[in-house]
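Breakdown of the fold
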Amino acid sequence: MRAPSIGVTEITDPGALEALRPDWARLWERCPDATPFQSPDWLLSWWNVFGRGRLLALIVHRRDRLVGLAPFFVDGGRPSGAEKQGSVRRVLFLGTGVTDHLDCLLEPDYADAGAAAILAHLAAIASRWDILDLHQLRPGSALLRAPLPPGWSERLEDQESCPVLALPSRVEDLPAAGATLAERVRYYRRRAERIAPLRFETAEGRDIGRLLEEFFRLHAKRWSVRGQPGALADAAVRAFHRRAAAGLAERGVLRLHALWLGTDLAAVFYGFLHRRRACAYLAGFEPRFASLSVGAVLLGHAIEEAIREGATEFDFLRGREEYKYRWGARDCWSRRRVLRHAGAQPSAQP
């Protein structure tokens, strides 16, 4: 059987990439392994807030059909007009830094051919970059198995674990570890209810903005007790999440759960649910209620809600914190593939 004829074109203008948003969203929906982190809502928000260097989005097409998208940018480079060598020019994914799963989007029928075409296009424009640094790739990524173009070298390594909990169809059927912790969470819930009534809320519509700001506040408050700023201390990071959360909420992907203890907001969970996969991104809780384990109570609620909605796995995302394994999660390692072409600067090592 002949391999499908695949073409690759570039988008280097941010306005043109924004104009691609509707087609990009439809491609994202067609890719069964896509996560919220490959959506245009997440990545265009990232570029609008953190974008640097030169945009290099590669559009993969078969005839007139969009079948893939590799959202890259080139970071670093030589000053304009300089004759001496400048910094190493790295091709990176949009979303680098704040994103747990990075990858291109490729329709399943064109995954291998599309990944090979992406590398072939980068080989053809090798004078414009030195290192292709592919972070946070999940084990099944086509970019991990794409053959190297002639003269390229690579380094392949495990990067970070994103522990994943396989979900049953009922909370009662959680694995032994998770069932034990779920029972303990129910005890925490009863203990808290002796102080004040408990109420869970899932933000919708206009409530999303309000609850997101409360999430920022509680997250900062939690970390300030430890004398640390936390992941959301930077105003740019909060601006990014406002944009991304709004877009993902419109697609029905955002899951912003809150736990109220009487009239006090005790904790907020910020995560996603897409294609029967739930993700726990971050949470914040009121330090005054730490002894009541309100964070664990809300996480247990988020897992229960994911099961109720038909999710088959709960991805705790990056980090090997002990509480994830107490639920019965298993390590799922992301991989990093760093590639260098033969003409790269001598200082650029894979």
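Our structure is the block above this text.
Residues numbered from 1 in each chain as written. Predicted model: local features only at pLDDT ≥ 70, side-chain atom pairs only at ≥ 80, totals over all residues. Heavy atoms only, no water.

Our focus in this paragraph is the pattern of salt bridges. Within the structure shown, the criterion is met by 33 salt bridges. The residue glutamate 305 makes a salt bridge to arginine 308 at a minimum N-O spacing of 2.8 Å. Of this pair, glutamate 305 and arginine 308 both sit in helix H9 (residues 294-308), 3 residues apart, which is roughly one turn of the helix. Looking at arginine 308, the relative accessible area reads 58%, which means it is exposed. By sharing partners, the salt bridges in this structure join Arg90, Asp133, Arg155, Glu157 and Arg336 into a single network. (Salt bridge = Lys/Arg side-chain N within 4 Å of Asp/Glu carboxyl O. Helix = DSSP H or I, 4+ residues; strand = E, 2+ residues; numbered from the N terminus. Buried < 20%, exposed > 50% of the residue type's maximum accessible area, 1.4 Å probe, protein only.)

What follows covers the sheet that holds strand S13 (residues 313-315). Whenever strands of a sheet pair, they do so through backbone hydrogen bonds, lying parallel or antiparallel. Read across the open sheet, the 6 strands follow the order S8-S13-S12-S11-S10-S9; overall the sheet is mixed. Taken across any chain shown, the strands that pair with only one partner, and hence form the sheet edges, are strand S8 (164-166) and strand S9 (198-202). Pairs of neighbouring strands in the sheet enclose a mean axial angle of 25°, with direction left out of account. As paired elements, S8 and S13 share 3 bridges and run antiparallel to each other. Note on S13: the bridge partner recorded for valine 164 is aspartate 315. (Pairing = 2+ DSSP bridges. Axes fitted to C-alpha atoms, helices over the stretch in contact; angles between N-to-C directions.)

This brings us to unusual backbone geometry. Positive phi, normally seen in glycine, also occurs at serine 293, with a value near 55°. Topologically, serine 293 is positioned in the loop between strand S12 (277-285) and H9. Of note, the phi angle at leucine 317 is positive, near 65°, even though the residue is not glycine. According to the relative accessible area criterion, leucine 317 is buried, its value standing at 1%.

With that settled, consider the environment of serine 127. For serine 127, the position within the fold is in the loop between helix H4 (111-124) and strand S6 (131-137). Sequence separation between serine 127 and alanine 25 is 102 residues; the distance between their C-alpha atoms is 31 Å.

Residue pairs three or four apart in sequence face the same way in an α-helix, which turns once every 3.6 residues. The terminal C-alpha atoms of helix H8 (residues 235-250) lie 23 Å apart, and with 16 residues this matches the ideal 22 Å at 1.5 Å per residue to within 8%. Among all positions in H8, only Val237, Phe240, His241, Ala244, Ala245, Gly247 and Leu248 are buried. Viewed along the axis of H8, the buried residues span an arc of 165°, placing them on a single side of the element. The inward-facing, buried residues of H8 abut helix H3 (40-50), helix H7 (207-224), strand S10 (254-261), strand S11 (264-274) and S12. For H8, the N-terminal cap is aspartate 234; the gap from its side-chain oxygen to the backbone nitrogen of alanine 236 is 2.7 Å. Immediately downstream of H8, the backbone of glycine 252 shows phi near 75°, a positive value. (Expected span 1.5 Å × (residues − 1). Arc of directions from axis to C-beta. Contact = heavy atoms within 4.5 Å. Polar contact = N/O pair within 3.5 Å; in protein donor to acceptor, adjacent residues only side chain to side chain.)

This part takes up the packing of aromatic side chains. Tallied over the full model, the rule gives 21 aromatic pairs. When the centroid spacing of 5.1 Å and the interplanar angle of 40° are considered together, the rings of phenylalanine 72 and phenylalanine 93 count as tilted. One end of the pair, phenylalanine 72, is in strand S3 (residues 65-75); the other, phenylalanine 93, is in strand S4 (residues 90-93), with 21 residues separating them in the sequence. Taken as a pair, phenylalanine 72 and phenylalanine 93 share a single burial class, namely buried. Between the aromatic rings of phenylalanine 215 and phenylalanine 216, the centroid separation amounts to 5.7 Å while the plane-to-plane angle is 45°, which identifies the pairing as tilted. One exposure class covers both phenylalanine 215 and phenylalanine 216, and it is buried. The rings of Phe37, Trp42, Trp46, Trp47, Phe50, Phe73, Phe215, Phe216, Phe240, Tyr270, Phe272 and Tyr281 are connected pair by pair, giving a single aromatic cluster. Of note, arginine 226 hangs over the ring of tryptophan 223, and the distance from its end group to the ring centre comes to 4.6 Å. (Phe/Tyr/Trp six-rings, centres within 6.5 Å; stacked < 30°, edge-to-face > 60°. Lys NZ or Arg CZ within 6 Å of the ring centre and 35° of its normal.)

So, about the packing of H3 against H8. Where H3 contacts H8, the axes come no closer than 8 Å and their chain directions differ by 155°. Taken together, the axis directions place H3 and H8 in an arrangement best described as roughly antiparallel. Crossing of H3 over H8 shows right-handed handedness. Packed against H3, whose contacting residues are Asp41, Trp42, Ser45, Trp46, Asn48, Val49 and Phe50, the element H8 presents Ala236, Val237, Ala239, Phe240, His241, Arg243, Ala244, Gly247 and Leu248 at the interface. In the contact of H3 with H8, the residues fall into 10 nonpolar, 4 polar and 2 charged. (Parallel < 35°, antiparallel > 145°, perpendicular 65-115°, else oblique. Left-handed = near helix turned anticlockwise from the far one by under 90°. Nonpolar A, V, L, I, M, F, W, Y, C, P; charged D, E, K, R; others polar.)

Right, let's get into the packing of helix H6 (residues 176-193) against H9. At their nearest, the axes of H6 and H9 sit 9 Å apart, and the two run at 125° to each other. By the angle between their directions, the pair H6 and H9 is classed as oblique. Seen from above, H6 lies across H9 with left-handed handedness. Residues Val185, Tyr188 and Arg189 of H6 pack against Ala296, Val297, Gly300 and Glu304 of H9. The class makeup of the residues in the contact of H6 with H9 is 4 nonpolar, 1 polar and 2 charged.

Among the nonpolar cores identified, the biggest contains 49 residues, and Leu17, Trp42, Leu256, Tyr270 and Phe272 are the most heavily contacted of them. Tallying contributions element by element places H7 first for this core, with 6 residues. When residues no more than four places from it in sequence are discounted, the contact partners of phenylalanine 272 are Pro36, Phe37, Trp42, Leu248, Val253, Leu254, Arg255, Arg277, Ala278, Cys279 and Tyr281. Among the nonpolar cores identified, the runner-up in size contains 35 residues, and Leu174, Leu181, Leu259 and Leu299 belong to it. (Core = buried A, V, L, I, M, F, W, Y, C linked by side-chain atoms within 4.5 Å.)

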